[in-house]
Amino acid sequence: MLAATFGAVMVLGAISAPVIFNTDKILVDVTLDHYNAGIIMGEIFNRFSYWIYTLAIVVVIYEVVAYKMGQRDAIIFASAITVIFSSLMFSAVYAPKILSMQALGIEATQSDTFANIHKASELDFKILAAALLVLFVRRLMLLRRA
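Q: What exactly am I supposed to notice about helix H5 (residues 112-145) here?
A: For an α-helix the count is 3.6 residues per turn, leaving residues at separations of three or four pointing the same way. The terminal C-alpha atoms of H5 lie 50 Å apart, and with 34 residues this matches the ideal 50 Å at 1.5 Å per residue to within 8%. Every buried residue belonging to H5 is among Phe114, Ile117, Ser121, Asp124, Phe125, Leu128, Ala129, Ala131, Leu132, Leu135, Arg138 and Arg139, and all of these are buried. Among the structural elements, helix H1 (2-20), helix H2 (34-68), helix H3 (74-103) and helix H4 (106-109) are those in contact with the buried residues of H5.

Q: What am I meant to see in the pattern of salt bridges here?
A: Once the charged atoms of two side chains with opposite charge are near each other, the side chains can pair. Overall, the coordinates contain three salt bridges when judged by the stated rule. Residue Glu43 pairs with Arg47 through a salt bridge whose shortest N-O separation is 2.8 Å. Of this pair, Glu43 and Arg47 both sit in helix H2, four residues apart, roughly one helical turn. For Arg139, the salt bridge goes to Glu63, with nearest N and O atoms at 2.5 Å. Residue Arg139 is found in helix H5, and its partner Glu63 is found in helix H2; the two are separated by 76 residues along the sequence. Residue classification places Arg139 among the buried positions, given a relative accessible area of 12%.

Q: What's the story with H1 in this structure? I'm lost.
A: Here H1 is 19 residues long and its end C-alpha atoms lie 25 Å apart, about the 27 Å a rise of 1.5 Å per residue gives. Its maximal kink placed at Leu12, H1 deviates by approximately 35°. Among all positions of H1, only Leu2, Thr5, Val9, Leu12, Ser16, Ala17 and Ile20 are buried. Buried-residue contacts for H1 involve H2 and H5.

Q: How should a nonpolar patch on the surface be read in this particular structure?
A: A grouping of Val11, Ile15, Val19, Ile26, Leu27 and Val30 is seen on the molecular surface, where their side chains present a nonpolar patch of about 500 Å² in accessible area. By secondary structure assignment, the location of Val19 is in helix H1.

Q: Sorry, what's going on with the nonpolar core here?
A: Side chains that are nonpolar tend, in soluble globular proteins, to be buried together. Within the largest apolar cluster, 23 residues are counted, with the highest numbers of intra-cluster contacts made by Val9, Val59, Val83, Phe125, Leu128, Leu132 and Leu135. Of all the secondary structure elements, the ones that give two or more residues to this core are H1, H2, H3 and H5. With seven residues, the single largest contributor to this core is H2. Other than its neighbours up to four places away in sequence, Val9 contacts Phe48, Phe125, Leu128, Ala129 and Leu132. Within the second largest apolar cluster, five residues are counted, among which are Ile98, Met101, Phe114 and Ile117.

Cut-offs and rules
- Residues numbered from 1 in each chain as written.
- Predicted model: local features only at pLDDT ≥ 70, side-chain atom pairs only at ≥ 80, totals over all residues.
- Heavy atoms only, no water.
- Helix = DSSP H or I, 4+ residues; strand = E, 2+ residues; numbered from the N terminus.
- Expected span 1.5 Å × (residues − 1).
- Buried < 20%, exposed > 50% of the residue type's maximum accessible area, 1.4 Å probe, protein only.
- Contact = heavy atoms within 4.5 Å.
- Salt bridge = Lys/Arg side-chain N within 4 Å of Asp/Glu carboxyl O.
- Bend = angle between axes of the 7 residues up to and from the residue.
- Patch = residues over 30% accessible without salt bridge, like charges linked within 9 Å, V, L, I, M, F, W, Y side chains within 5 Å.
- Areas by Shrake-Rupley, 256 points an atom, 1.4 Å probe, with all protein chains shown as cover.
- Core = buried A, V, L, I, M, F, W, Y, C linked by side-chain atoms within 4.5 Å.

Distances and angles like these do not, on their own, reveal function.
Structure below.
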């Protein structure tokens, strides 16, 4: 699940977003303006949020059980906490805030507030990707020792 989510984060951030925001280079006779491309990307991230919520719940349950079984590791603890909090920040704070501002119209998406929230969400998404990778690799390392 960690690897699949990392892959999804990479696909959404590095493949889907650049394609959606550069339709003028791909489509013929039809282009999306930046606002409408953002609406599409926002909906993609909104739907992805359900997966992210599920991931956060699974990580909490798995790591609590592992901790109670005596599997304690500082790297896993730090990366799991980072995955949980960055997941919740993205899904419960950034995505809904961006969608609500988009619903207000194009003017709201051209504000400094929107730009700052969007930059913060991008940073959070990158932190999530890094934490997922660290947690996945560390878990694999511990499995190999067992």
